[in-house]
Amino acid sequence: MVTFVGEPNKSMIRMFGQFKERGIKIVYRSLNPTPENTRAAEEAGADIIVATGFDEGGTLPSMTLETFSIVPLIKDTAKNVPVMAAGGIADRRAFNAAFALGAEGVYCGTAFLMCEESRMASNVKQTLLSANARDDTRHSHDSAGHATEIRIPEHLRG
């Protein structure tokens, strides 16, 4: 299995063909999912499409559609492949909501940072565990990649 993150182009289509020839399953994840790139990835041979919402952790999509808005849109577009939901899925309620909206799976990342096996510092884990949906940290970057804004809630500053 391989996860491909990016936008559909000729190179991606060529790689998908090479993966398929070797029997490798392809999980396609656009950081800015649209019906157009979903269709292109499905036509190129993706086996699973990830619907990534703006509320996901590591990198922010440029579109401001949250996970529970993007999942039905992508699910309605992907005709023959399952859809996984990504973004803001950190507990059973969000997991169940993703399935209720048509996702056949979830793509989690940040939630696993709290695992015992995670090498993240325990004080950082505690800070994350004490945060809630109003305690967001956002970073925006200019075209040169320099941070132009960082907002950290007062009670999370250390």
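For the structure, check the block above.
Residues numbered from 1 in each chain as written. Predicted model: local features only at pLDDT ≥ 70, side-chain atom pairs only at ≥ 80, totals over all residues. Heavy atoms only, no water.

Chemist: Please provide a residue-by-residue account of the sheet that holds strand β2 (residues 26-29), values included.
Modeler: Strand order in the open sheet formed by five strands is β1-β2-β3-β4-β5, with parallel pairing between adjacent strands. Two strands lie at the open edges of the sheet, namely β1 (2-5) and β5 (105-107), each paired on one side alone. On average, each strand axis in the sheet is inclined to that of its neighbour by 30 degrees, with strand direction left out of account. Direction of pairing for β2 relative to strand β3 (residues 48-52): parallel, over a ladder of three bridges. Among the inter-strand pairings, Arg29 is bridged to a residue of β3, identified as Val50. (Pairing = 2+ DSSP bridges. Helix = DSSP H or I, 4+ residues; strand = E, 2+ residues; numbered from the N terminus. Axes fitted to C-alpha atoms, helices over the stretch in contact; angles between N-to-C directions.)

Chemist: An account of the pattern of salt bridges is needed here, citing residue identities and associated values.
Modeler: In total, this model carries three salt bridges according to the counting rule given. In this structure, Asp47 and Lys20 form a salt bridge, with 2.7 Å as the shortest nitrogen-oxygen distance. On the criterion of sequence distance, the pair formed by Asp47 in the loop between α2 (35-44) and β3 and Lys20 in helix α1 (residues 10-21) is long-range, its members being 27 residues apart. When its relative accessible area of 34% is taken as the criterion, Lys20 is described as partly exposed. Of the charged contacts, one joins Asp91 and Arg93 as a salt bridge, the two residues approaching to 2.6 Å between their closest N and O atoms. Using a relative accessible area of 32% as the deciding quantity, one classes Asp91 as partly exposed. You can call Arg93 exposed: its relative accessible area is 67%. (Salt bridge = Lys/Arg side-chain N within 4 Å of Asp/Glu carboxyl O. Buried < 20%, exposed > 50% of the residue type's maximum accessible area, 1.4 Å probe, protein only.)

Chemist: Any chance you could break down a nonpolar patch on the surface for me, citing the residues and the numbers?
Modeler: Among the surface-exposed residues, Leu113, Val124 and Leu128 lie close enough to one another that they form a single nonpolar patch of about 200 Å² accessible area. Structurally, Leu128 can be placed in helix α5 (residues 122-130). (Patch = residues over 30% accessible without salt bridge, like charges linked within 9 Å, V, L, I, M, F, W, Y side chains within 5 Å. Areas by Shrake-Rupley, 256 points an atom, 1.4 Å probe, with all protein chains shown as cover.)

Chemist: If you had to explain the packing of aromatic side chains to someone new, which residues and values would you point to?
Modeler: Within the structure shown, the criterion is met by three aromatic pairs. Between the aromatic rings of Phe4 and Tyr28, the centroid separation amounts to 6.3 Å while the plane-to-plane angle is 20 degrees, which identifies the pairing as stacked. Highlighted residues: Phe4 in strand β1 and Tyr28 in strand β2, separated in sequence by 24 residues. Pairing Phe95 with Phe99 gives two aromatic rings, centres 4.7 Å apart and planes at 40 degrees, and the pair type is tilted. Of this pair, Phe95 and Phe99 both sit in helix α4 (residues 92-100), four residues apart, which is roughly one turn of the helix. Looking at Phe95, the relative accessible area reads 35%, which means it is partly exposed. Exposure remark for Phe99: the relative accessible area of 35% places this residue in the partly exposed category. Within the aromatic cluster, the residues linked to one another by ring pairs are Phe4, Phe16 and Tyr28. (Phe/Tyr/Trp six-rings, centres within 6.5 Å; stacked < 30°, edge-to-face > 60°.)

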